[in-house]
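# What the coordinates show
For reference, the chains in residue letters:
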Amino acid sequence: MIDQDAIEAHGLTADEYRRILDILGREPNLAELGIFSVMWSEHCSYKSSRRHLQRLPTKGARVLQGPGENAGAIDVGDGVAAVFKIESHNHPSFIEPYQGAATGVGGIIRDIFTMGARPIALLDSLRFGLLDDPHTRRLVEGVVAGIAGYGNSIGIPTVGGEIAFDESYAGNPLVNVFCLGVAKTDALIMGRAEGVGNAVYYVGAKTGRDGIHGATMASAEFDENSAEKRPNVQVGDPFMEKLLLEACLEVMQTDALIGIQDMGAAGLTCSTCEMGARGESGIEIDVQHVPQRETGMTPYEIMLSESQERMLFIVRQGREAEVERIFEKWDLHAVRIGQVTGDGLLRVKDRGTIIAEIPNKALVDDGPIYDRPAEEPVDLGVRQDLDLASLCPPPAPIDAFTALLASPQISSKRWVYRQYDHMVRTNTVVPAGMGAGVVRLKGTNRAIAFSVDGNGRYCYLDPYQGAMLAVAESSRNVACSGALPVGATNCLNFGNPERCDIMWQFSRAVDGISEACRALDIPITGGNVSLYNETNGEAIHPTPVLGVVGVIDNADRILGRVFRNEGSIVVLVGESRVEFGGSEYLKVMHQLVRGRPPIVSLARERALQKLVVAAANDAVIESAHDCSEGGLAVALAECCFQSGGLGIDVVLPGQKIEGHPDLGVVATLFGETASQIVVSLSESQADSFCARAATVGVPVLKIGRVEGTRLRIKVDSALVIDVPVIEAEQIWETGLSRHFAHEAA
Amino acid sequence: MKLKFAIVVFPGSNCDHDAYYAVKQVLGQEAEFVWHKEASLRGANVVILPGGFSYGDYLRSGAIARFSPIMPRVAEFAAAGKPVIGICNGFQILLEAGLLPGGMRRNRHLKFICEHVNVRVEQSDTPFTFKARVGQVLRIPIAHGEGNYYADKETVTGLEKNRQIIFRYTSSDGELDDICNVNGSTAAIAGICNAGRNVVGLMPHPERACEPVVGSADGRVILESVLASFTDDSTAQVGLR
């Protein structure tokens, strides 16, 4: 009997339970209740976000697969599809950082190879609290080690990513993993069950009691008892997944496979009913055939387990032996657990007795959808109000400059990426830690670039602008490598959607992403929503993370950020304004998250990116680097770092702030105006490049030269920064690693 | 004449494709994957045991792979004096199989390290260093968590005496320096050969350093050496054939 306690324990509301009664026309049994509860959880059903996600642009000439499948796909030319997606594993990573992060990597890799694509690169977007807290350091160490442990073993390079630190993530770190794979455009495989009588197969790790209710856990906030949920976190086995990856790709070479899906959140339940719903088929399985790691597991536990490294697939009738042989080669035992039926039902049996019988469509498409109330946070006006006078007198420019270089957010991430195998597969053509990840496509002349970016502070101050800025920055990073941005995926990390201020943030962020993606012509091909990122009622900063993918038609024309030649001219593409709001400068020097984030003109952004991509393609420019956190001063310094000591001598036109001339200097150096790129090019190319920029309405300014071994930055006529590159680089190099100084470099 | 390289694929090998690409596309030689359960090395001239995480490296690295059905064939191939190279996990497998002396421990700071390092060529009379110059410094990536080579004093003395230490971690100037010995290996050992000099194991990845576009082409000399060892007359003088 289902009582009120059982309903509540499954995280279902009274209304949702009534809906189940309506669908079934009877009372569910406990197994059915469990199945509904995971499929209708926020994590699987997107019940709070679905209405809003419909506003995202998802179509485009290059889109081969939009949202709704295991991953999106974009046509990159030469008959090659880039298959990619980003996904969060925030909640598990807080509870058990190593395994939480590791299984996050494993999950997204499965989504990619499920589509018939060979995964070739990973990126991570990570958020933590401040590093002076030992607990945060433990989380960072665990998450980085978990990503390394899984990615390195399976042999997919982690070629870059981003990491940021803010108090708002102290109780809720974010672990977002992006994976990209490649397939032939005509060989994409879908997660659907079709053809009555075709066999349903299970392959991979055995099913245990781990991860039961993981999806439900990811759909609630944390409190001080969250550690008790540790048994809900699964344990990853990258070796098993490597075998699955190779075996599945080999099986996919045959045409014996109808459809395939990994068992991620909600395990066997989700994979069966989703494949059935997509193919408008029924699926009947008997749990007695499911390989089990423990004895005495109930059908309820088997259906809800989230044990890792398991796949479900449908085989064309008569081809079973051929498929089984391929898995046997890889020491994997594929077992038939049921068949496709024509009645549209998920029918679960246990030794022949029916345990559950639910329409697939009811689980997947007919779940509750909420239009949750949204209201602007009452203190938004206060957050956005920045009193410039309170920032005076500003520190000496050189002191602010060194403080910013030492900030873990800006400093070198070598301590992190050195633990990742970022070179395996020998496609990584831009070293890790240098902006967008770039991998070549062997057998073609093309390369693919991709970047993950988000800025929680901007979104906290203005989620609409902040989300647009995330799209613009990610796209700009890709463009700075010489790649034309062609598609995107997003991971939307927010607090509790039942709070109207959080829902307002979410809705505004989706609006911002939609508008920016439309303007920049980068459709969203899929992604992930992670809500309830709160602990004890404290929400994270709203953090939409964008993963933008771009194509470089001529791999010889890939750009890096580092200055290459002494004597080259340095040109600032774009134009600065006085924009301090949400900046790293305010955070580091004044411990403030205040003001309005920079205003982004999407028309300007698009023109500027196109200009840089075209100039890269014509081999006109030698390097390009996006200006973001820390402003122009930091961007210029980063162009010098890892160049072997090349310096610069530049003059920046000073911003004028009425009554506060010193603050004008600081705004010039550290303000974070969007749509700015620092490029270098030879003297002979400089004038024609500037003329070209003028024709497309993009402001450019020659600001100086690559020369000497010092960073020399003047604001108007005053020399405000003058420091040996090697000294500045040393500060930047150790800004993050010094927090882990108990171990030597 | 093209040489035929057998690239042995163990469950969990993940640098097999990289070795294949380097041999076939960069060097223009023949390459074939040989699954670890196969009964023969298919008449190959050279055997590569590639990097990766065979059997997940859940036990000691290479400890299970050494029992693979193909390993007796590799041992016979080695005993016949033919060239075998083990890279990273392949090196670990050669150690576990007893085809090379010593063992591996966790890197001294206990973390996985992936970066370009400098390795100095110590001996040029092996099929894999024959075209290199003694003292030449190669910039080649490492990517391992257990590359801290260990052998007892007696073994190391023997390796030194028989000139079996083939690569050492050094500075870019070829100087021995504790900081450059990133994983803490005994005697800064990055690679060794067997007494017959035809079996070489090393932790750095030469197959990842065969084209400037991926950051370095210094690893090519290792693979090109083995080509030359088959064709170059002077090899006879150093006893390679």
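Residues numbered from 1 in each chain as written. Chains lettered and ligands numbered in written order. Predicted model: local features only at pLDDT ≥ 70, side-chain atom pairs only at ≥ 80, totals over all residues.

### Quick notes on the overall build of chain A
Definition in use: Comment: elements are numbered from the N terminus, with helices defined as DSSP H or I runs of at least four residues and strands as E runs of at least two. Based on C-alpha atoms, the radius of gyration is set beside the globule rule, defined as 2.2 Å times the residue count to the power 0.38. Exposure criterion: with C-beta atoms placed from backbone coordinates, a residue whose C-beta has 20 or more other C-beta atoms within 10 Å is buried, one with 12 or fewer is exposed, and one in between is partly exposed. By definition, residue pairs are in contact when their C-beta atoms, positioned from the backbone, come within 7 Å.
Per the secondary structure count, chain A includes 26 helices and 27 strands. At 26 Å, chain A has a C-alpha radius of gyration in line with the 27 Å of a compact globule built from 745 residues. Reported as C-alpha extents along the three principal axes, the dimensions of chain A are approximately 85 × 55 × 50 Å. A total of 745 residues make up chain A; the buried ones form 62% of that total. Once local pairs closer than 6 in sequence are excluded, the contacts in chain A between residues at least 24 apart make up 84%.

### Quick look at the overall build of chain B
Looking only at helices and strands, chain B features six helices and 11 strands. A compact globule built from 241 residues would reach a C-alpha radius of gyration of about 18 Å, and chain B, at 16 Å, matches this within 12%. In chain B, buried positions account for 58% of the 241 residues. Long-range contacts, defined as pairs at least 24 residues apart, comprise 75% of the intrachain contacts of chain B with a sequence gap of at least 6.

### Brief notes about the sheet that holds strand 12 (residues 345-350) of chain A
Residues and elements named next belong to chain A. Basically, it comes down to this: Pairing between strands is defined by DSSP: at least two bridges between the two strands are required. To define axes, lines are fitted to C-alpha atoms, for helices over the stretch in contact only, and angles between the resulting N-to-C directions are given on a 0 to 180 degree scale.
On the basis of which strands lie adjacent, the open sheet formed by seven strands has the order 8-10-7-11-9-12-13 and mixed pairing. Two strands in the sheet have a free side with no partner beyond their single neighbour: strand 8 (257-262) and strand 13 (353-359). Here the strands of the sheet are splayed against their neighbours by 20° on average, with no regard to which way each runs. Pairing of strand 7 (residues 199-204) with strand 11 (residues 335-341), which is carried by four bridges, proceeds in the antiparallel orientation. In the sheet register, Tyr202 faces strand 11, and the bridge partner there is Val335.

### Describing the environment of Asn554 of chain A
Residues and elements named next belong to chain A. Mapped onto the secondary structure, Asn554 falls in the loop between strand 20 (543-552) and strand 21 (569-573). Residue classification places Asn554 among the partly exposed positions, given that 14 C-beta atoms sit within 10 Å. Along the sequence, Asn554 and Asp662 sit 108 residues apart, while their C-alpha atoms lie 46 Å from each other. Setting aside residues up to four positions removed in sequence, Asn554 forms contacts with Asn445 and Asn617.

### Thoughts on the sheet that holds strand 3 (residues 80-88) of chain A
Residues and elements named next belong to chain A. Here we have six strands laid out as an open sheet, ordered 1-2-3-6-4-5, and mixed in their pairing. In the strand order of this sheet, the two ends are held by strand 1 (63-65) and strand 5 (158-165), each with one partner. For this sheet the average axis-to-axis angle between neighbouring strands, irrespective of direction, equals 25°. With nine bridges joining them, strand 4 (residues 118-128) and strand 6 (residues 174-184) adopt antiparallel strand pairing. Paired with Leu123 across the two strands is Phe178, which belongs to strand 6. Contacting strand 3, strand 4 and strand 6, helix 7 (residues 97-113) crosses the sheet at an angle of about 25° to strand 6. Here helix 8 (residues 134-154) sits on the sheet in contact with strand 4, strand 5 and strand 6, set at roughly 175° to strand 4.

### Regarding helix 1 (residues 16-26) of chain B
All of the buried residues in helix 1 of chain B are Asp16, His17, Asp18, Ala19, Tyr21, Ala22 and Val23 of chain B. The secondary structure elements touched by the buried residues of helix 1 of chain B are strand 1 (4-9), strand 2 (30-35), strand 3 (46-49) and helix 5 (220-231) of chain B.

### Here we look at the environment of Val105 of chain A
Residue and element names in this part refer to chain A. By the element assignment, Val105 lies in helix 7. Taking the number of C-beta atoms within 10 Å as the measure of exposure, Val105 has 30 and is therefore buried. A sequence separation of 453 residues divides Val105 from Ile558, and the C-alpha atoms of the two residues are 27 Å apart. Setting aside its immediate chain neighbours within four residues, Val105 contacts Leu122, Ile147, Tyr150, Gly151 and Val177.

### Structural notes on the interface of chain B and chain A
When the parts of a complex come together, some accessible area is lost, and that lost area is often taken as the interface size. For the record, the criterion: Any residue that is not Ala, Val, Leu, Ile, Met, Phe, Trp, Tyr, Cys, Pro, Asp, Glu, Lys or Arg is counted as polar, Gly included; the first ten are nonpolar and the last four charged.
Contact with chain B, which involves 24 residues of that partner, is made by 27 residues of chain A. Along the lines of polarity and charge, the residues of the side of chain B that touches chain A split into 13 nonpolar, seven polar and four charged.

### Points about the pairing of strand 10 (residues 310-315) of chain A
All names here are of chain A. With six of its six residues buried, strand 10 lies for the most part within the structure. Neither face of strand 10 is open: one carries Arg310, Leu312 and Ile314, the other Met311, Phe313 and Val315, and all of them are buried. Pairing analysis gives six bridges linking strand 7 to strand 10, with the strands arranged antiparallel. In the strand pairing of strand 10, Val200 is matched with Ile314. By the bridge criterion, five bridges tie strand 8 to strand 10 in an arrangement that is antiparallel. Bridge assignment links Gln261 to a residue of strand 10, and that residue is Leu312.

### Some remarks on the packing of helix 8 of chain A against helix 10 (residues 238-252) of chain A
A pair of packed helices is captured by two measures, namely the crossing angle of their axes and the spacing between those axes. All names here are of chain A. Test applied: Helix crossings are classified by the rotation of the near helix relative to the far one: an anticlockwise turn of less than a right angle makes the crossing left-handed, while a clockwise turn makes it right-handed.
Running from amino to carboxyl end, helix 8 crosses helix 10 at an angle of 35°, the nearest separation of the two axes being 9 Å. Both helix 8 and helix 10 take part in a crossing whose hand is right-handed. Here Tyr150, Ser153 and Ile154 of helix 8 come into contact with helix 10, specifically with Pro238, Phe239, Glu241, Lys242 and Leu245.

### Here's the deal with unusual backbone geometry
Omega for the peptide link from Cys392 of chain A to Pro393 of chain A comes to -5°, which places this bond in the cis form. The phi torsion at Leu110 of chain B lies on the positive side, around 70°, for a residue other than glycine. When you line up the elements, Leu110 of chain B lands in the loop between strand 5 (103-105) and strand 6 (113-121). In this model, Ala187 of chain B sits at a positive phi of 55°, which is unusual for a non-glycine residue. Assignment of secondary structure puts Ala187 of chain B in the loop between strand 9 (165-170) and strand 10 (189-193).

### Concerning the environment of Ser475 of chain A
Residue and element names in this part refer to chain A. Within the secondary structure, Ser475 is located in helix 19 (residues 463-480). The exposure class assigned to Ser475 is buried, which follows from the 31 C-beta atoms found within 10 Å. In sequence terms Ser475 and Ile522 are 47 residues apart; their C-alpha atoms lie 8.6 Å from each other. Each residue touching Ser475, except ones within four places of it in the same chain, is listed here: Pro485, Leu520, Ile522, Val548 and Gln609.

### Let's talk about the confidence of the model for chain B
Which entries qualify depends on this criterion: Each residue carries a pLDDT score, the predictor's confidence in it, ranging from 0 to 100.
Looking at chain B as a whole, its pLDDT mean stands at 95, while 96% of the residues score no less than 70. Model confidence for the complex: the whole-complex pTM is 0.96, and ipTM, which rates the interface, is 0.96.

### Topic: the pairing of strand 21 of chain A
Two faces, one strand: in a regular strand the side chains alternate between the faces of the sheet. Residues and elements named next belong to chain A. Of all five residues in strand 21, five are buried, a share of seventy percent or more. In strand 21, alternate side chains face the same way, and those of Ile569, Val571 and Val573 on one face and Val570 and Leu572 on the other are all buried. Note: strand 21 against strand 24 (residues 677-681), five bridges, orientation antiparallel. Each bridged residue has a counterpart across the sheet, and for Ile569 the counterpart in strand 24 is Leu681. Judged from the five bridges that link them, strand 21 and strand 25 (residues 700-706) form a sheet pairing that is antiparallel. In the strand pairing of strand 25, Val571 is matched with Lys702.

### Focus: helix 2 (residues 71-79) of chain B
All names here are of chain B. Rules: The arc in question is formed by the directions pointing from the helix axis toward the C-beta atoms.
For helix 2, the complete set of buried residues consists of Met71, Arg73, Val74, Phe77 and Ala78. One side of helix 2 holds all its buried residues, which, seen down the axis, span an arc of 155°. Exposed residues pointing more than 90 degrees away from the buried face of helix 2 are listed as Pro72 and Glu76. Phi for Gly81, located one or two positions after helix 2, is positive at around 85°.

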